[in-house]
Amino acid sequence: MNRSQRYTNAELAQFVVANGGDITEGYICLLRKGHRANPTLQTVQDLAAALEVSPAVFVGGREERLGDEQPRRSFPGKLRRLFRVAHPSDRGPYTPEEVARSISSDGRYGSISSSYIRELLTPPPQPPPNPRLKHLLGLADHFNLADDDGPQAVYFLDDHLAARIDAELDDYAAFRDAGVLEFVTRMAEYAPQWSPHRRRQAIDSISHALESGDSTWRFPCKKGDAQ
């Protein structure tokens, strides 16, 4: 199918069905008119395959299709990674109950239950979970996968972009677990009270710890210690 060509709703539905999908001409009409704004991940995947574009294009991402892109298949692993890694340094991972409350609180993304989030995290072997678009937007927003244009559900729809973000998340987790994020936060809090000598002492201390691999390092200065 040539994506530069325009197709009728009936033709597009036929292409989806021919590729093994399940969609009707009427539903495509509603999507195009904006009367339906919450398709499932499978529907997004099927439409992208029929139009020969990336699934990410539907949320403002990449248009070029790179091979057989099936974000529904990779979704559970991405979500598990976010739960495991994307949490503040002063606490452990979020619970499904916390995430459900966060997403459902203001109604922007509809509602989602903690039990459904658990199903998304630990689905049966087949078939993979099939969340709706608003679920993807809400999860992206909760885990701060956002830019100036809004929630980056692109993470769930573009495996190539997700690989880069995953590497950044791994770096973030490593810095957090090593105490580097705590150091930076406390430096910002305490440094205005310190003399230039004390600031240099703190920086030299963490530099030594990072170079030597000293796992016993602790933040060297206390609040109010300004000399």
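Let me begin by describing the structure that accompanies this report.

Rules behind the numbers
- Residues numbered from 1 in each chain as written.
- Predicted model: local features only at pLDDT ≥ 70, side-chain atom pairs only at ≥ 80, totals over all residues.
- Heavy atoms only, no water.
- Helix = DSSP H or I, 4+ residues; strand = E, 2+ residues; numbered from the N terminus.
- Contact = heavy atoms within 4.5 Å.
- Buried < 20%, exposed > 50% of the residue type's maximum accessible area, 1.4 Å probe, protein only.
- Salt bridge = Lys/Arg side-chain N within 4 Å of Asp/Glu carboxyl O.

### Digging into the environment of Ala-13
Reasoning step 1: Turning to its location among the elements, Ala-13 is positioned in helix α1 (residues 9–18).
Reasoning step 2: Here the alpha-carbon distance between Ala-13 and Leu-47, two residues 34 residues apart in the chain, equals 8.6 Å.
Reasoning step 3: Residues contacting Ala-13, with those up to four places away along its chain left out, are Ile-23, Thr-24, Glu-25 and Ile-28.

### Let's talk about the environment of Ala-100
Reasoning step 1: Considering the arrangement of structural elements, one finds Ala-100 in helix α5 (residues 96–104).
Reasoning step 2: For Ala-100, a relative accessible area of 7% puts it in the buried group.
Reasoning step 3: The sequence separation of Ala-100 and His-142 amounts to 42 residues, and the corresponding C-alpha distance is 9.4 Å.
Reasoning step 4: The residues contacting Ala-100, other than those within four sequence positions of it, are Ile-112, Ser-113, Ser-114 and Ile-117.

### Quick look at the pattern of salt bridges
Reasoning step 1: For the coordinates displayed, the defined rule picks out 10 salt bridges.
Reasoning step 2: With a shortest N-O distance of 3.4 Å, Asp-166 and Arg-81 are connected by a salt bridge. Of the two residues, Asp-166 is situated in helix α9 (residues 159–177) and Arg-81 in helix α4 (residues 71–85); the sequence distance between them amounts to 85 residues. Judged on exposure class, the residue Asp-166 and its partner Arg-81 are both buried.

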